[in-house]
Amino acid sequence: MEKDKQYKVIGICTTVCRFILAVVFIFSGFVKAIDPLGTQYKIQDYITAFGWADVFPDYFAFCASMLLGLLEFCLGVYLFFGIRRIIAPRAVVLIMALMTPLTFWIALLNPVSDCGCFGDALKLSPWETFFKNLVILPMVAIVWYRYRRHRILEFSKIEIL
């Protein structure tokens, strides 16, 4: 009986974390999709801050802004509706594993004034962005741990439809 209660609490905690992550990713992706040029300018700022302006062509930042917005929005929808419960948490872990050190670097050196995570809808300072990522990371870990599996490319009949 005690194990059933523990299992239900873990399930509720995972579901709450999944919904919070979904809302954050949907909002972030939606804002980037509404204003892809603003996101392009922010990505261009990052490229310049890294000193890679000569390496990447001008259209790279625009393509990256479109793909990033699409990826974040799709991952948010996947998390919200529980679609692709194996791949979506892994992709979110990968994104957060890349973005958290990046935001820490930006917070330390301050080469870019704000992260652009939520476009013009919500301006966050570099340190606020880093702490936001630190709050999100445990939720990502909980969702990933709950839905990890050995079979990555397993599709249900409903997903195929």
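Residues numbered from 1 in each chain as written. Predicted model: local features only at pLDDT ≥ 70, side-chain atom pairs only at ≥ 80, totals over all residues. Heavy atoms only, no water.

*Asks:* Describe the environment of Val31, naming the residues involved and giving the relevant values.
*Replies:* As for its placement among the helices and strands, Val31 is situated in helix 1 (residues 2–34). Take Val31: its relative accessible area is 11%, and that puts it in the buried class. With 91 residues separating them along the chain, Val31 and Leu122 place their C-alpha atoms 9.4 Å apart. Beyond its immediate chain neighbours, meaning those up to four positions away, Val31 contacts Phe118, Gly119, Asp120 and Ala121. (Helix = DSSP H or I, 4+ residues; strand = E, 2+ residues; numbered from the N terminus. Buried < 20%, exposed > 50% of the residue type's maximum accessible area, 1.4 Å probe, protein only. Contact = heavy atoms within 4.5 Å.)

*Asks:* Tell me what's going on with the nonpolar core, and back it up with residues and numbers.
*Replies:* Proteins that are soluble and globular tend to have nonpolar side chains buried together. Ranked by size, the top nonpolar core spans 16 residues in total, and within it Leu21, Phe25, Leu75, Leu79 and Val92 carry the most contacts. Among the elements of the structure, helix 1, helix 3 (58–81), helix 4 (87–109) and helix 5 (126–147) are those that each provide at least two residues to this core. What Val92 contacts, discounting residues up to four positions off in sequence, is Phe25, Leu75, Leu79 and Val140. (Core = buried A, V, L, I, M, F, W, Y, C linked by side-chain atoms within 4.5 Å.)

*Asks:* Please provide a residue-by-residue account of the environment of Glu72, values included.
*Replies:* Note on placement: Glu72 falls in helix 3. Expressed as a C-alpha distance, the spacing of Glu72 and Val24, which sit 48 residues apart in the sequence, is 9.0 Å. Excluding anything up to four places from it in sequence, Glu72 contacts Phe25, Ile26, Ser28, Gly29 and Lys32.

*Asks:* I'd love a proper account of the confidence of the model for the protein, names of residues and values included.
*Replies:* Taken residue by residue, the protein gives an average pLDDT of 86. The fraction at 70 or more is 91%. Looking over the protein, one finds the lowest element-wise mean pLDDT in helix 6 (residues 157–160), namely 63, and the highest in helix 3, namely 93. (pLDDT = per-residue confidence, 0-100.)

*Asks:* How would you summarise the packing of helix 4 against helix 5 if you had to cite specific residues and measurements?
*Replies:* Two elements in contact, helix 4 and helix 5, have axes separated by 9 Å at closest approach and are oriented at 160°. The angle between the axes of helix 4 and helix 5 places the two elements in the roughly antiparallel class. Crossing geometry of helix 4 relative to helix 5 is assigned as left-handed. Side by side, helix 4 and helix 5 meet where Pro89, Arg90, Val92, Val93, Met96, Met99, Thr100, Thr103, Phe104, Ile106, Ala107 and Leu108 of the first sit next to Pro126, Trp127, Thr129, Phe130, Asn133, Leu134, Ile136, Leu137, Val140, Val143, Trp144 and Tyr147 of the second. Of the residues belonging to the contact of helix 4 with helix 5, the class tally is 19 nonpolar, 4 polar and 1 charged. (Axes fitted to C-alpha atoms, helices over the stretch in contact; angles between N-to-C directions. Parallel < 35°, antiparallel > 145°, perpendicular 65-115°, else oblique. Left-handed = near helix turned anticlockwise from the far one by under 90°. Nonpolar A, V, L, I, M, F, W, Y, C, P; charged D, E, K, R; others polar.)

*Asks:* An account of unusual backbone geometry is needed here, citing residue identities and associated values.
*Replies:* Look at Arg84: it is not a glycine, yet its phi comes out positive at around 50°. Structurally, Arg84 is set in the loop between helix 3 and helix 4. In this structure Arg84 comes out as buried when scored by relative accessible area, which is 11%.

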